[in-house]
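Here is what each chain is made of, one letter per residue.
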Amino acid sequence: MKPSTSFRQELLGVFGDPVAENPTQAMIEAAFAELGMDWRYLTVEVKPEALGDAVKGARAMNWKGFNCTIPHKVAVVPLLDRLNPAAKIIGAVNCVINRHGELVGDNTDGKGFLQSLAGIHGIRGLRAVILGAGGAARAIAVELGLAHASQITIVNRSRERGEALVRLLGDRTAAASSLVAWEGKYHIPEDTDVVINATPIGLFPDVEARLPVDTESLQPRMIVCDLIPNPPQTRFLRDAAMRGCTVLDGLGMLVNQGVIGIRLWSGREPSSQVMRQALEKALL
Ligand code: NDP
């Protein structure tokens, strides 16, 4: 008998009603396989009222860590032992790391995006326009501010959420920030370096939905990003490419988040190329 087959102190999990495999699962497990790691990354559905028990279970079962999605990103915060600095400012966690029994919360939404952007443009001194002020916009705006972007303009439909984000940036980062109430078509200021769609407008199945943005105001020198991973080539990105802009899709950000997660959980460096291929296969 193999030494690992101890039949002691074990729970053998049975998922009778399996959650459909999340594309992120396919991407992370492809990276594990390529690295020769005998690890699993499973998708488990947890009802909001059961989150506390689920986190206790993760501790009890000595998980290496986990990701969490909406609606758990804020609710998980008080259940952890500590947060990394950016996650503390953002006030939301999507990646938890087990450091010798201590559960540490991080937020890889903004870091994944910055890694994609830094591949084509420096962040210091950058002038950014962010469309939206939700969870992803908040994570990206904070990381841009901490990385010394000089100007962050938040364009949002509801004033309250936009104001809260601008206040946070003013209090916790050195970037100059301002809010534009989104009414009608937004005209992108000429001196903008990067435009980021952080709204779900254009997300599958509403793939032909158009952002209320004056596409004539997009200049070829601008970098235009869409966080939507599905479809990767959104209507907004296609319009921007037609205007001669450099475009960045949401898949790159998702892949980078996976890369950062694997690094944090295991200290290993996965292949982003293998991960992107697996993600595209799972999504398309
Ligand atoms: P939230 O629900 O937290 O925020 C959504 C934002 O979009 C809000 O600011 C909301 O404005 C705005 N919005 C929604 N509908 C409209 C509309 N019809 N007109 C104008 N504004 C609108 O979502 P998230 O921040 O979590 O996600 C935003 C997008 O980012 C999604 O498409 C998601 O798929 C993507 N994402 C991608 C990731 C990746 O790795 N690629 C990671 C995380 C998110 P208001 O405040 O007025 O309601």
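Residues numbered from 1 in each chain as written. Predicted model: local features only at pLDDT ≥ 70, side-chain atom pairs only at ≥ 80, totals over all residues. Heavy atoms only, no water.

**Notes on helix H7 (residues 159-172)**
Here H7 contains 14 residues, and its C-alpha end-to-end distance of 20 Å stays within 8% of the 20 Å for a straight helix at 1.5 Å per residue. Those residues of H7 that fall on the buried side of the exposure criterion are Gly 162, Leu 165, Val 166, Leu 168 and Leu 169. One face of H7 carries all of its buried residues, which in axial projection span an arc of 155°. Structural note: H7 exposes Glu 160, Arg 167 and Asp 171 on the side pointing more than 90 degrees away from its buried face. (Helix = DSSP H or I, 4+ residues; strand = E, 2+ residues; numbered from the N terminus. Expected span 1.5 Å × (residues − 1). Buried < 20%, exposed > 50% of the residue type's maximum accessible area, 1.4 Å probe, protein only. Arc of directions from axis to C-beta.)

**As for the sheet that holds strand E4 (residues 102-106)**
Spatially, the four strands line up as an open sheet ordered E1-E3-E4-E2, and their pairing is mixed. Two strands in the sheet have a free side with no partner beyond their single neighbour: strand E1 (65-67) and strand E2 (82-83). Where strand E3 (residues 95-99) and E4 come together, five bridges link them in antiparallel fashion. Bridge assignment links Cys 95 to a residue of E4, and that residue is Asp 106. (Pairing = 2+ DSSP bridges.)

**Quick notes on helix H6 (residues 135-146)**
Its 12 residues give H6 an end-to-end C-alpha distance of 17 Å, which sits within 8% of 16 Å, the value for a rise of 1.5 Å per residue. Within the sequence span of H6, burial applies to Ala 137, Ala 139, Ile 140, Ala 141, Val 142, Glu 143, Leu 144 and Gly 145. Phi for His 148, located one or two positions after H6, is positive at around 70°.

**Some remarks on the packing of aromatic side chains**
A complete count under the given rule lists three aromatic pairs for this structure. Ring centres 6.3 Å apart and planes at 75° place the aromatic pair Trp 63 and Phe 66 in the edge-to-face group. (Phe/Tyr/Trp six-rings, centres within 6.5 Å; stacked < 30°, edge-to-face > 60°.)

**Details of the domain arrangement of the chain**
Quite often, the size of an interface is put as the accessible area lost when its parts meet. The domain boundaries assigned to the chain delineate domain 1 (23-107 + 254-283) and domain 2 (110-248). Centre-to-centre separation of domain 1 and domain 2, based on C-alpha positions: 25 Å. The interface is formed by 11 residues belonging to domain 1 together with 14 residues belonging to domain 2. Summed over both sides, the interface of domain 1 with domain 2 buries roughly 1,200 Å², with 60% coming from carbon and sulfur. Three residues, Ile 89, Ile 90 and Asn 256, lead the burial of domain 1 against domain 2; their summed loss comes to 49% of the area buried on that side. Applying the counting criterion to the domain 1 and domain 2 interface returns one salt bridge. (Domains from an automatic or database assignment. Contact = heavy atoms within 4.5 Å. Buried area = accessible area lost by both parts, 1.4 Å probe. Salt bridge = Lys/Arg side-chain N within 4 Å of Asp/Glu carboxyl O.)

**Details of the sheet that holds strand E6 (residues 151-156)**
Across the sheet, six strands lie side by side as E7-E6-E5-E8-E9-E10; this open sheet has parallel pairing. Among the strands making up the open sheet, the edge pair consists of strand E7 (176-181) and strand E10 (246-248). On average, adjacent strands in this sheet sit at an angle of 20° to one another, irrespective of strand direction. As paired elements, strand E9 (residues 223-226) and E10 share three bridges and run parallel to each other. Of the residues in E10, the one forming a bridge with Ile 223 is Thr 246. Docked against the sheet, H7 engages E6 and E7, running at close to 175° with respect to E7. (Axes fitted to C-alpha atoms, helices over the stretch in contact; angles between N-to-C directions.)

**With respect to the nonpolar core**
One broad trend across soluble globular proteins is that nonpolar side chains are buried collectively. In terms of nonpolar packing, the biggest core is built from 34 residues, with Phe 113, Leu 117, Ile 130, Leu 144, Ile 152, Ile 154 and Ile 196 touching the most fellow members. Elements with a minimum of two residues in this core: helix H4 (85-90), helix H5 (108-118), strand E5 (127-131), H6, E6, H7, strand E8 (194-197) and E9. Excluding residues that lie within four positions of it along the chain, Leu 144 makes contacts with Leu 114, Leu 117, Ile 123, Leu 126, Ala 128, Ile 130, Ala 149, Ile 152 and Ile 196. (Core = buried A, V, L, I, M, F, W, Y, C linked by side-chain atoms within 4.5 Å.)

**With respect to the site of the ligand**
If you check the shell around the ligand, you find 22 residues, and the closest are Ala 133, Ala 136, Asn 156, Leu 227 and Gln 257. In the model, an oxygen atom of the ligand is placed 2.8 Å from a nitrogen or oxygen of the Asn 156 side chain. A distance of 2.9 Å is found between an oxygen atom of the ligand and a side-chain nitrogen or oxygen belonging to Arg 157. Summarising the interface, the protein chains cover 79% of the accessible area of the ligand, which totals 930 Å² for the free molecule. (Near = heavy atom within 4 Å. Polar contact = N/O pair within 3.5 Å; in protein donor to acceptor, adjacent residues only side chain to side chain. Areas by Shrake-Rupley, 256 points an atom, 1.4 Å probe, with all protein chains shown as cover.)

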